[in-house]
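Fold and geometry: a report
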Amino acid sequence: MLRTEPSFVVEDLTLYKPSKAPQEEIPEKRDDLQCPLDKDELGRKTWSFLHTMAAYYPEKPSLYQENDVKQFFSTFSRLLKVSPPATKSQEELSQWLCKIHNSVNERLGKSLFDCSRVNERWRDGWKDGSCDY
Ligand SMILES: Cc1cc2nc3c(=O)[nH]c(=O)nc-3n(C[C@H](O)[C@H](O)[C@H](O)COP(=O)(O)OP(=O)(O)OC[C@H]3O[C@@H](n4cnc5c(N)ncnc54)[C@H](O)[C@@H]3O)c2cc1C
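The model shown is predicted, which means the values in this text are computed figures rather than measured ones. The written sequence of each chain sets the order in which its residues are numbered from 1. Two thresholds apply to this predicted model, a pLDDT of at least 70 for residue-level local features and 80 or more for giving and counting side-chain atom pairs, whereas whole-chain, interface and lining totals are computed over all residues. Side-chain metrics rest on all non-hydrogen atoms present in the structure, leaving aside hydrogens and water.

Some details on the site of the ligand
If a single non-hydrogen atom of a residue is within 4 Å of a molecule or strand, that residue counts as near it. Of all residues adjacent to the ligand, which total 22 residues, the nearest are Lys-39, Arg-44, Cys-98, His-101 and Arg-121. Under this definition, polar contacts are N or O atom pairs within 3.5 Å; protein pairs additionally need one hydrogen-donor-capable and one acceptor-capable atom, and for neighbouring residues in sequence, both atoms have to be side-chain atoms. Take Asn-105: an N or O atom from its side chain is 3.0 Å from a nitrogen atom of the ligand. Between the ligand and Arg-121 there is a distance of 2.7 Å, counted from an oxygen atom to a side-chain nitrogen or oxygen. When the free accessible area of the ligand is taken as 950 Å², the share hidden by the protein chains comes to 85%. The numbering of helices and of strands both runs from the N terminus, where a helix is a DSSP run of H or I of at least 4 residues and a strand a run of E of at least 2. Only helix H1 (39-55), helix H3 (90-107) and helix H4 (118-124) provide two or more residues apiece to the shell around the ligand. Throughout, the Shrake-Rupley method with a 1.4 Å probe supplies accessible areas, and for residues the shown protein chains are the sole cover considered.

Here it is, written out as structure tokens:
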């Protein structure tokens, strides 16, 4: 039976350490301490990896590259049963992933990301030049 809700293998993120409660003190440079990841850190780093992979996917992938990326996402996500990855180009894959991420954002009550800016965020840097130095 098809599921109506997005359902990721990584849903099991709930099994990971819960995020720090807001009242707890978090060292400013937690990354420097090399601690185990909490749920939000793992989520952010996983999204960074996935979006960066999509950002550098070829404009014209070979059949092998398409198969590799399909296989990767098939293993990664059961959501693909209802939304298979669009793998014909960098633009297609990045837009598909942006929509997947937005469906998680929506489920978690977070604001939606403007997918027309996904390459600015993950490949080219913001048009205002703020990432250029
Ligand atoms: C597959 C998956 C499933 C998850 N499921 C859960 C869950 O069930 N429950 C749970 O509590 N957490 C889940 N998470 C973690 C959650 O999505 C967030 O990573 C976490 O809550 C931290 O959120 P954040 O606000 O720092 O930004 P994140 O959502 O981690 O996003 C990181 C950065 O990506 C950019 N961004 C945001 N939306 C988009 C988009 N649509 N396209 C491109 N870039 C974007 C923004 O610049 C943002 O700062 C999941 C993560 C993944 C990878």
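Let's talk about H1
In an α-helix, one turn spans 3.6 residues, which is why side chains three or four residues apart end up on the same side. Helix span, expected: 1.5 Å multiplied by one less than the number of residues in the helix. With 17 residues, H1 should cover 24 Å at 1.5 Å per step; its first-to-last C-alpha distance of 24 Å lies within 8% of that length. Residues of H1 that are buried include every one of Glu-41, Leu-42, Gly-43, Trp-47, Leu-50, His-51, Ala-54 and Ala-55, and no others. Along its buried surface, H1 packs onto helix H2 (63-76), H3 and H4. The opening residue of H1, the one whose side-chain oxygen lies 3.1 Å from the backbone nitrogen of Asp-40, is Asp-38. The buried label applies to any residue whose accessible area, calculated with a 1.4 Å probe on protein chains only, is under 20% of its type's maximum; exposed applies above 50%, and partly exposed to all values in between. A contact between two residues is defined here by any heavy atoms of the two lying within 4.5 Å.

Observations regarding the side chain of Glu-41
Within the element layout of this structure, Glu-41 appears in helix H1. Residue classification places Glu-41 among the buried positions, given a relative accessible area of 10%. A polar side-chain atom of Glu-41 sits 2.8 Å from the main-chain amide nitrogen of Asp-38.

Observations concerning the pattern of salt bridges
Any Lys or Arg side-chain nitrogen located within 4 Å of an Asp or Glu carboxyl oxygen qualifies as a salt bridge. Scanning all chains against the criterion turns up 6 salt bridges. Here Arg-117 ties to Glu-120 by a salt bridge, and the two come within 3.1 Å at their closest N and O atoms. Residue Arg-117 is classed as partly exposed on the basis of its relative accessible area, which comes to 35%. Note that Glu-120 and Lys-127 form a salt bridge whose closest N and O atoms lie 3.9 Å from each other.

Some words on the confidence of the model for the chain
Confidence scores labelled pLDDT are given residue by residue by the predictor and lie between 0 and 100. Per-residue pLDDT for the chain has a mean of 82; in total, 73% of the residues score no lower than 70. Across the chain, element-level confidence peaks in H4 with a mean pLDDT of 97 and bottoms out in H2 with 92. Overall, residues 1-16 carries pLDDT values under 50, and its contacts beyond four positions in sequence, including any with other chains, amount to 26 contacts.

Let's talk about the state of the cysteines
Note on disulfides: each one is a pair of cysteine sulfur atoms within 2.5 Å. One pass over the structure, following the stated rule, counts 1 disulfide. The partner cysteine of Cys-98 in its disulfide is Cys-115, sulfur to sulfur 2.1 Å. One quick way to see it: the torsion about the S-S bond of Cys-98 and Cys-115 is about -95 degrees, and its sign makes the bridge left-handed. Within this pair, whereas Cys-98 is found in helix H3, its partner Cys-115 is found in the loop between H3 and H4, the two being separated by 17 residues in sequence. The residues Cys-98 and Cys-115 share a single accessibility class, namely buried.

Describing H3
When the terminal C-alpha atoms of H3 are compared, their 26 Å separation across 18 residues agrees well with the 26 Å that a helix rising 1.5 Å per residue should span. Next to the buried residues of H3 lie H1, H2 and H4. Gly-109, located one to two residues past H3, shows a positive phi value of around 75 degrees.

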